[in-house]
Amino acid sequence: MKKTLNFAVLSGDGIGPEVMDVALNILKRTGISYGFEIEFKCSDVGGIAINSHGKALPETTLEDCRQRDAILFGSVGGPEWESLPPNEQPERAALLPLRKLFRLYANIRPGCLFPELTGLSPVKTEIIPNGLDVVCIRELTGGIYFGCPKETTELDDGDIKSVDTMVYHKSEIERIAEVARITASNRAKKVCSVDKANVLETSILWRNTVSDYFKKNAPDINLNHMYVDNAAMQLVRNPSQFDVILTENMFGDILSDELAVICGSLGMLSSASLGTTKNSLDHPFGLFEPAGGTAPDIAGKDLANPCAQILSAALMLRYSFGQERAAKAIENAVKQTIADGFRTGDIADGGHSIGTKEMGREIAERII
Ligand code: IPM
Ligand code: MN
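Here the structure is a predicted model, which means the values were calculated and not measured. Within every chain, residues take consecutive numbers counted from 1 along the sequence as written. Whichever chain is written first becomes A and whichever ligand is written first becomes 1, with later ones labelled in order. Totals for whole chains, interfaces and linings use all residues, but because this is a predicted model, local features are given only for residues with pLDDT of at least 70 and pairs of side-chain atoms are given and counted only at 80 or more. To obtain the side-chain values, all non-hydrogen atoms of the structure were included, while hydrogens and water were left out.

## Considerations on the domain arrangement of the protein chain
- How far each domain reaches was decided by an automatic or database domain assignment. Domain boundaries assigned for the protein chain yield domain 1 (1-104 + 267-368) and domain 2 (122-262).
- Every contact between the two is made by seven residues of domain 1 and, on the other side, six residues of domain 2.
- What counts as buried area is the accessible surface, traced by a 1.4 Å probe, that two parts surrender upon association, with contributions from both included. Of the roughly 710 Å² buried between domain 1 and domain 2 on both sides combined, carbon and sulfur atoms contribute 70%.
- In terms of surface lost to domain 2, no three residues of domain 1 exceed L96, R99 and K100, which account for 55% of the buried area on that side.
- The term salt bridge refers to a pairing of a side-chain nitrogen on Lys or Arg with a carboxyl oxygen on Asp or Glu at a separation within 4 Å. On the surface where domain 1 and domain 2 come into contact, there are zero salt bridges.
- Each polar contact in these results corresponds to two N or O atoms within 3.5 Å; when the atoms are within protein, one needs to be able to donate a hydrogen and the other to accept it, and residues that are neighboring in sequence are counted only if both atoms are side-chain atoms. Across the contact surface, domain 1 and domain 2 share one residue pair in polar contact (both at pLDDT 80 or more).
- Note on conventions: DSSP H or I runs of at least 4 residues are helices, E runs of at least 2 residues are strands, and numbering of each starts at the N terminus. Of the residues forming the side of domain 1 that touches domain 2, the biggest block, three residues, is contributed by helix α4 (residues 90-101). Contacts are assigned to residue pairs with any non-hydrogen atoms lying within 4.5 Å of each other.

## With respect to helix α9 (residues 307-319)
- Here a helix's expected span is defined as the number of its residues, less one, multiplied by 1.5 Å. Taking 1.5 Å of rise per residue, the 13 residues of α9 would be expected to cover 18 Å, and the 18 Å separating its terminal C-alpha atoms lies within 8% of that figure.
- Of all the 13 residues making up α9, 12 are buried; the element is thus mostly covered by neighbouring parts of the structure. Think of it in three bands: residues with accessible area under 20% of the maximum for their type are buried, residues over 50% are exposed, and the middle band is partly exposed, with areas taken using a 1.4 Å probe on protein chains only.

## Thoughts on empty space enclosed by the protein
- Cavity and pocket criteria rest on a 1 Å grid covering protein atoms alone: a 1.4 Å probe that fits but cannot get out defines a cavity, protein on both sides within 12 Å along at least 5 of 7 lines defines an open pocket, and an atom within 4 Å of a point defines a lining residue. Grid points are joined across faces, edges and corners, and a volume is the space filled by probe spheres set on the points. Going through the model one piece at a time under the given rule, you end up with one cavity of 30 Å³ or more.
- A volume near 30 Å³ is recorded for the largest cavity.
- Together, M166, Y168, V194, D195, T202, S203, W206 and E248 line the largest cavity.
- Of all the secondary structure elements, the ones that give two or more residues to the lining of the largest cavity are β8 (190-195) and α6 (201-217).
- Residue contributions to the lining of the largest cavity peak at three residues, all from α6.

## A word on the pattern of salt bridges
- Enumeration according to the criterion identifies 16 salt bridges in this entry.
- Here R99 makes a salt bridge to E289, at a shortest N to O gap of 4.0 Å. Of this pair, R99 sits in helix α4 while E289 sits in strand β12 (residues 286-290); the two residues are 190 residues apart in sequence, bridging distant segments of the chain.
- Across the pair D243 and R187 runs a salt bridge whose closest N-O atoms are separated by 3.1 Å. Here the residue D243 occupies a position in the loop between α7 (228-237) and β10 (244-247), and R187 occupies one in the loop between α5 (170-185) and β8, the gap between them amounting to 56 residues.

## Here's the deal with the site of ligand 1
- Every residue close to ligand 1 is listed here: E91, L96, R99, R109, R138, Y145 and D253.
- Side-chain polar atom of R109 to an oxygen atom of ligand 1: 2.8 Å apart, as the coordinates give it.
- One of the side-chain N or O atoms of D253 is found 2.9 Å from an oxygen atom in ligand 1.
- The protein chains shown are the only cover counted for residues, whose accessible areas, like all others here, come from Shrake-Rupley with a 1.4 Å probe. Considering ligand 1 on its own, with 320 Å² of exposed area, one finds that the protein chains cover 74% of that surface.
- Judged by the fraction of its atoms near the pocket grid, ligand 1 is located in the second largest pocket.
- The biggest single contributor to the shell around ligand 1 is α4, with three residues.
- A per-class count over the shell around ligand 1 returns two nonpolar, no polar and five charged.
- A domain-level breakdown of the shell around ligand 1 finds at least three residues from each of domain 1 (1-104 + 267-368) and domain 2 (122-262). Any residue with a non-hydrogen atom lying within 4 Å of a molecule or strand is treated as near it. For a cavity or pocket, the test is whether more than half of a molecule's atoms lie within 2 Å of its grid points; if they do, the molecule sits there. The nonpolar class holds Ala, Val, Leu, Ile, Met, Phe, Trp, Tyr, Cys and Pro. Asp, Glu, Lys and Arg form the charged class, and all remaining residues, Gly among them, are polar.

## A short note on unusual backbone geometry
- The peptide bond linking C148 to P149 adopts the cis configuration, its omega dihedral lying at 0 degrees.
- Looking at where P149 falls in the secondary structure, it is placed in strand β6 (residues 147-154).
- Even without being a glycine, R103 presents a positive backbone phi close to 50 degrees.
- Tracing the sequence through the fold places R103 in the loop between α4 and β4 (106-113).
- Backbone geometry places D349, a non-glycine residue, at a positive phi of 55 degrees.
- The topology assignment puts D349 in the loop between α10 (324-339) and α11 (356-365).

## Considering the sheet that holds strand β3 (residues 71-75)
- Only when DSSP finds a minimum of two bridges between them are two strands counted as paired. The strand order across the open sheet built from 10 strands is β2-β1-β3-β12-β11-β4-β5-β10-β8-β9, with neighbouring strands paired in mixed fashion. The sheet is open, and its two edges are formed by β2 (36-42) and β9 (222-227), each paired on a single side. Adjacent strand axes in the sheet meet at a mean angle of 25 degrees, parallel and antiparallel pairs treated alike.
- The pairing of β4 with strand β5 (residues 132-139) spans eight bridges and is classified as antiparallel. Opposite G111, over in β5, you have V134 as the bridge partner. Here an axis means a line fitted to C-alpha atoms, over the contact stretch when the element is a helix, while the angle between two N-to-C directions is reported on a 0 to 180 degree scale.

Pasting the structure below:
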């Protein structure tokens, strides 16, 4: 009997639904070659959920996610909801609770620039003649995003004080170090851990914990440490010196955007946010989403690049369903489609471009 992969589909707003359609077709097509079927439930999230249910992450959507093994996420937000208070805005009100509730502590963001697309990078082609392949591993449920107290108070003298708190536990650092260890051991065995240990207590703990962890569990992996300001600079100066970057929540937020822009187009970048499972670390529950956002200006026009959503679906197959060969097949098909010269508008560099659906069909034809 064929295996059934069961996941929640949260397409969200803007270009989300149209790139999701393409990604789901690719998953169906891949299942034919690799012996699985997909079963999914679509639920509202983000702006569309605010309009239909009054909140960005309705309880029914959460329940649909709980009952499945992974979440394939589109993107949320848009001009229609920008005037809402910050903590009701789709991005924050949907993504942060999903991360916290499902304990998605490990955010994996591949920064991949295909050699054919180096001209799109703001970094000079002579610095990255062969493209780029870097992975950012970001701790996602700790640090200053979630630490308490987190509040704004009015003082007696009328001044206003706001506090965010950066907290890390050794155990949180160890479990994300383990994700970096696994990732690096399947790649170049090289990890750069990024912190601010010249200033922050949490970073001193971070650096000591990561050092000890790798010494004990992965002496064969080449580990170095870098202060975050230097890392931001090194990333534009010579990005190829990095292979796996390991860092805490906020530094990872900032550096992964920097890495994304160095890779040319946001329309090509996927990401995985992984939690644990009750019984094994092999097939964690995860949320898989493109990095690019809702692109409201081109939504509904068949112009969006579906690659990031498709590559996010590939990550879902790899991590939450253990379908490594199928994931590779999708990644290879995307690579081949680009190598064969097919481009959506965002990566066409002024040349000929095709639409979302046609790009999807070209990729589907190359699944072998
Ligand atoms: C990201 C986003 C989120 C973050 C926002 C939307 C809360 O920027 O996924 O990188 O800051 O983590
Ligand atoms: Mn971000």
